[in-house]
Amino acid sequence: MTSSSTAAPPVAAKRPSSATHHGITVSDDYAWLRDQSYPTVDDPEILAHLAAENAWFEAAMAGQKDRIDALFTEMRARIKEADRSVPQKDGDWLYWIEFEEGAEYKKWWRKPVAGGPDELLLDEVALAEGKDYFRLGAIAVSNDGTKLAYSIDDNGSERFTARVKDLASGALLADEIPGTLSSLIWVAGDTGLVYSLANEQWRTDNARLHWLGRPLSDDVEFYHEDDEGFRVGAGLSANEKWLVLSTSDHETSEVRLIPAADPLAEPILVKPRQKGVEYEVDERDGTLYVLANDTHENFRLATAPLSAPGEWTTLIEGSDAFYLTGFDLFRDFYVVEGRQAGLDTIEVRYFDDPTRVEPIAFPEDSYSAGLGDNPEWAMDKLRVGYESMVSPSSVFDYHVAERRLELLKVQEVPSGYDSSLYTTERLHIAARDGTDIPVSIMYRKDRKSPGPLHLYGYGAYGIAIPPGFSTTRLSLVDRGFAYAIAHIRGGDDLGRAWYKAGKLEARTNAFNDFVDVAKGLIAKGYTEEGRISISGGSAGGELMGAVINSDPTLWGAVVAHVPFVDVLATMLDASLPLTPGEWPEWGNPIEDRAAFELIQSYSPYDQVKRQAYPPLLVTAGLNDPRVTYWEPAKWVARLRELKTDDNVLLLKTNMGAGHGGKSGRFESLRETAEEFAFILWQFGL
């Protein structure tokens, strides 16, 4: 049973359970919080415990209602409610999206380039009506412009149902495909859709073809992936002649090309998978362009004839200085994207002159920039996005021939924003092993130091955290906080080596980097011990769990969103959706004793100890297929049992949502308001 009362936090029952691996026995008194019928969660005792935790959260936060409302009001006031994107031409049409005043969701529009009325393609507001959760997955207009394929998830489970709409009549066709987890790609002259289903373990191990107007029983699985750690994905080449079918895990990939006009034709295997080699492919005039890390970990760009797709000739060498992250082919030129010293770089290059390189120049020392939506093959100007920690998001057209940026739109902050009041810096702080860790930081120029500081980090999967703009962040910064992003190892902010230096046997570098950045910011006078709030989600939630175990006194408040904290048990369970594909990231503790011992040594749940912990707010999603709800529930239960302090510990489980929390632009904003209210409450501000 679970003891619960809104006058005291819930106490989860302890039920001894243990498992032995490699001769090592691991005890887990809270394993019962995993529903044995998962992904169905209907165990009354488990649901009662989660409800009790939610009641405790509501009771504890009741005194913060005015603060939450005030934060929500000011955050919402910074959003332009009636807003639209800059239209982009694709063939005979201009496409854009719009938010209406007060709307949680957007509408998708188009109109003829030659002139004519606006046409509503998809109304997310209507589709979401009456639903607690709504998320649009894929959306794709047919090549002839007459039909729209789209998919939606209405419970957060990330299993999407695909539908097809006739754009002339507005009627839905009979075609309905449940359980998709993929893009939707029009092929065979718009008579077929390529998609992937999520299997029972929420893995996309297939590519399927649906013939429009025919029953699902006629659908063809034209590719199946046998390696349970690999995922299948598909897209179109830039010239839309080829279906590009890729399968990969976190360190190895393999690509096949199939004529888009004949999706059941024999695929062309570009190059057989080789462990540790990742590559991407596009095609132009019979030549393949291949982005690959086979000769340098920061990737090279190579070419190959379509007739010999595995014979790669280097076009752009791999480099320690330049991390090549992607490329886009167009009819008359191609674009390379990457990072140099951690900052985004965009270069226009030419097929007929390899020495002609035209980088796009940006004005600030620290920023985030990248190509936007550029759907046409023959482009003479490129849509580009740009922002920094103090500069709102901006949309440009880059006129290629003139090498000129044309500003089309700057993110509007209706309640007002004066960038001259703020400053941003790029710092480098030495970690304990001597490695310099980049830190992006912003604060008001009138801030008094040392003051409160919020530190954010992720550090996993090679995902970089860009120094972009956030209107919600201003609610802390305008109250005297500095806001810092620690670009720790495990992300690929400084290249592939940076990623490798925070995974597998080097995983603890990510945790040490974060702690050392905090100590470095204290040493530089930005803040003081105990006046740092921190937050992270998913693998960033694992980071939160690790650093409160190791250095609890540093932090004044901690927010862990859907935290991946039960790392050992999850990596030992091959039946869970993500586990086999995650072994290249964390190690396989089933087969490898060293991996078992390493993961156990840092897994936040396994390392909870009898000590004082900082105030902590934890979130979860009942339908989350990525970080299952029981990970944060078990973690909070063990923390309640062992922690020696009286600090607040709260768990909020979204009972109708998944990994991303609540849907809708304002509903999700309220959760941010709760997070910031919790931090301000704990800081007495």
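Refer to the structure presented above.
Throughout what follows, the structure given in this document is the object of discussion. (Residues numbered from 1 in each chain as written. Predicted model: local features only at pLDDT ≥ 70, side-chain atom pairs only at ≥ 80, totals over all residues. Heavy atoms only, no water.)

1. Re the overall build of the protein chain
Let me state the cut-off plainly: We count a stretch as a helix when DSSP gives it H or I for four or more residues in a row; a strand needs E for two or more, and each element gets its number in order from the N terminus. Our radius of gyration looks at C-alpha atoms and nothing else; its globule reference is 2.2 Å times the residue count to the power 0.38. Burial here depends on accessible area, computed with a 1.4 Å probe over protein chains only, as a share of the maximum for the residue type. Under 20% is buried, over 50% is exposed, and the range in between is partly exposed. Should any heavy atoms of two residues lie within 4.5 Å, those residues are considered in contact. Using a 1.4 Å probe, accessible areas were evaluated by the Shrake-Rupley method; residue-level cover was limited to the displayed protein chains. We treat Lys and Arg as the positive residues and Asp and Glu as the negative residues; His and chain ends play no part in the count. Lys charges are placed at NZ, Arg charges at CZ, Asp charges at CG and Glu charges at CD.
From N to C terminus, the protein chain includes 12 helices and 41 strands. Expected size for 685 residues packed as a compact globule is a radius of gyration near 26 Å; at 25 Å, the protein chain falls within 12% of this value. Principal-axis analysis of the C-alpha atoms places the extent of the protein chain at approximately 65 × 60 × 50 Å. Put simply, the protein chain has 685 residues, and 56% of those count as buried. Sequence separation of at least 24 residues holds for 55% of the intrachain contacts in the protein chain that already meet a minimum separation of 6. Put simply, the protein chain shows about 27100 Å² of open surface, and 49% of that area lies on carbon and sulfur atoms. One way to put it: in the protein chain the 68 positive side-chain charges average out to a point 4 Å from where the 108 negative ones average out.

2. Comments concerning helix 12 (residues 667–683)
Heads up, the condition is: Each residue after the first adds 1.5 Å to the expected span of a helix.
Over its 17 residues, helix 12 extends 25 Å from the first C-alpha to the last, a length consistent with the 24 Å expected when each residue adds 1.5 Å. Judged by how many residues are buried, helix 12 sits mostly within the fold: 12 of 17 residues are covered. Among the residues of helix 12, those classed as buried are Leu669, Glu671, Thr672, Ala673, Glu674, Glu675, Phe676, Ala677, Phe678, Ile679, Leu680 and Phe683. Positive phi shows up at Gly684, right after helix 12, with a value of about 70 degrees.

3. Side note on the sheet that holds strand 41 (residues 649–654)
The condition that has to hold: Should DSSP find at least two bridges between two strands, the strands are regarded as paired. To obtain each axis, a line is fitted to C-alpha atoms, and for helices this fit is confined to the stretch in contact; angles are then taken between N-to-C directions over 0 to 180 degrees.
One open sheet accounts for 8 strands, arranged 34-35-37-36-38-39-40-41; its pairing is mixed. Of all the strands in the sheet, the pair left with one neighbour each is strand 34 (422–430) and strand 41. Recorded for the sheet is a direction-independent mean angle of 15 degrees between the axes of neighbouring strands. Bridging between strand 36 (residues 453–456) and strand 37 (residues 482–486) involves 4 bridges; their strand directions are parallel. When the bridges of strand 37 are listed, His454 appears paired with Tyr483. Packed onto the sheet, helix 12 meets strand 36, strand 38 (532–537), strand 39 (555–561), strand 40 (616–621) and strand 41 and runs at close to 160 degrees relative to strand 39.

4. Looking at the pattern of salt bridges
For the record, the criterion: Any Lys or Arg side-chain nitrogen located within 4 Å of an Asp or Glu carboxyl oxygen qualifies as a salt bridge.
Here the structure, examined in full by the defined rule, presents 52 salt bridges. Glu98 is paired through a salt bridge with Arg84; the nearest N and O atoms lie 3.6 Å apart. Of this pair, Glu98 sits in strand 7 (residues 93–99) while Arg84 is found in strand 5 (residues 83–84), placing the two residues 14 residues apart along the sequence. The class for Arg84 is partly exposed, based on a relative accessible area of 35%. Connected via shared salt-bridge partners are Glu225, Glu254, Arg256 and Arg273.

5. Some details on the sheet that holds strand 24 (residues 300–305)
Reading across from one edge, 22-23-24-25 is the order of the 4 strands in this open sheet, with antiparallel pairing throughout. Looking at strand neighbours, the two that pair on one side only are strand 22 (279–284) and strand 25 (313–316), the edges of this open sheet. Each strand axis lies, on average, 30 degrees off the axis of its neighbour in the sheet, ignoring direction. Examined bridge by bridge, strand 22 and strand 23 (residues 287–292) share 6 bridges and lie antiparallel to one another. Paired with Val281 across the bridge in strand 23 is Val290.

6. Here we look at the nonpolar core
Defined as follows: Remark: nonpolar core denotes a set of buried residues (Ala, Val, Leu, Ile, Met, Phe, Trp, Tyr, Cys) joined through side-chain atoms within 4.5 Å.
Judged by nonpolar contacts, the single largest core of 86 residues is most densely connected at Leu455, Phe514, Leu521, Trp555 and Trp635. The contact partners of Leu455, leaving out residues within four places of it in the chain, are Ala484, Ala486, Phe514, Val517, Ala518, Leu521, Ile532, Ser533, Ile534 and Ser535. By size, the runner-up hydrophobic cluster in this structure holds 23 residues, among which are Met61, Leu650, Ala673 and Ile679.

7. Let's talk about the pairing of strand 28 (residues 343–350)
Most of strand 28 is tucked away: 8 of the 8 residues are buried. Burial of strand 28 is two-sided: the residues Leu343, Thr345, Glu347 and Arg349 facing one way and the residues Asp344, Ile346, Val348 and Tyr350 facing the other way are all buried. When strand 27 (residues 334–340) meets strand 28, the two strands line up antiparallel, connected through 7 bridges. Its bridge partner being in strand 28, Gln340 is matched across the sheet by Leu343. Here strand 27 hands over to strand 28 after 2 residues, with Ala341 in that stretch at a positive phi of 55 degrees. Counting the residues that bridge the hairpin from strand 28 to strand 29 (residues 353–359) gives 2 residues.

8. Describing helix 7 (residues 539–550)
An α-helix turns once every 3.6 residues. As a result, residues three or four positions apart point the same way. In a regular helix each residue adds 1.5 Å, so 12 residues correspond to 16 Å; helix 7 covers 17 Å between its end C-alpha atoms and thus fits that length. Buried within helix 7 are the following residues: Ala539, Gly540, Gly541, Glu542, Leu543, Met544, Gly545, Ala546, Val547, Ile548 and Asn549.

9. Details of unusual backbone geometry
In this structure, Pro39 follows Tyr38 across a cis peptide bond, with omega equal to 15 degrees. In this chain, Ser449 is followed by Pro450 through a cis amide linkage whose omega measures -5 degrees. Along the chain, Pro450 falls in the loop between strand 35 (436–444) and strand 36. Despite not being glycine, Ala341 shows a phi value in the positive range, around 55 degrees. As for its position among the elements, Ala341 is in the loop between strand 27 and strand 28.

10. Side note on the environment of Glu387
In plain terms, the rule: For this analysis, a polar contact is any N or O atom pair within 3.5 Å, provided that within protein one partner can donate a hydrogen and the other can accept it, and provided that sequence-adjacent residues contribute only side-chain to side-chain pairs.
Inspection of the secondary structure assignment puts Glu387 in strand 31 (residues 381–387). Ignoring sequence-local partners within four residues, the contact set of Glu387 consists of Tyr367, Ser368, Pro392, Ser393, Pro467, Gly468 and Phe469. Here Phe469 takes part through its backbone nitrogen, which lies 2.7 Å from a polar atom of the side chain of Glu387.

11. A short note on the pairing of strand 33 (residues 404–410)
For strand 32 (residues 394–399) and strand 33, the ladder comprises 6 bridges, and the chain directions are antiparallel. By the bridge assignment for strand 33, Ser394 is matched with Val410. Hairpin connection between strand 32 and strand 33: a loop of 4 residues separates the two successive antiparallel strands, and Arg403 in this loop has a positive phi of roughly 55 degrees.

12. Comments concerning the packing of aromatic side chains
Rules: Each Phe, Tyr or Trp ring (for Trp, its six-membered ring) is paired with any other whose centre lies within 6.5 Å, and the angle between the two planes then decides the class: stacked below 30 degrees, edge-to-face above 60, tilted in between. When the NZ atom of lysine or the CZ atom of arginine is within 6 Å of a ring's centre and also within 35 degrees of its normal, the charge is said to sit over that ring.
Inspection of the entire model under this criterion finds 22 aromatic pairs. Consider the rings of Phe362 and Tyr386, whose centres lie 5.3 Å apart with planes at 15 degrees: the pair is stacked. Note that Phe362 is positioned in the loop between strand 29 and strand 30 (368–371) and Tyr386 in strand 31, a separation of 24 residues in sequence. Both residues of the pair, Phe362 and Tyr386, belong to the buried class. Each member of the aromatic cluster is reached from another via a ring pair, and the members are Tyr38, Tyr629 and Trp630. In this arrangement the basic side chain of Arg110 is found over the ring face of Trp93, its NZ or CZ atom lying 3.5 Å from the centre.

13. Notes on the side chain of Arg203
Relative to the helices and strands, Arg203 resides in the loop between strand 15 (192–195) and strand 16 (206–211). Residue contacts for Arg203: discarding those within four places in its chain leaves Leu197, Ala198, Glu228, Arg231, Ala574, Ser575, Leu576, Pro577 and Pro580.

14. Side note on the environment of Arg404
Tracing the sequence through the fold places Arg404 in strand 33. Owing to a relative accessible area of 35%, Arg404 belongs among the partly exposed residues under this scheme. In this structure, the C-alpha to C-alpha distance between Arg404 and Arg593, residues 189 residues apart in sequence, is 57 Å. Beyond its immediate sequence surroundings of up to four residues, Arg404 is in contact with Asp397, Tyr398 and His399. There is a polar contact of 2.9 Å between the side chain of Arg404 and the side chain of Glu402.

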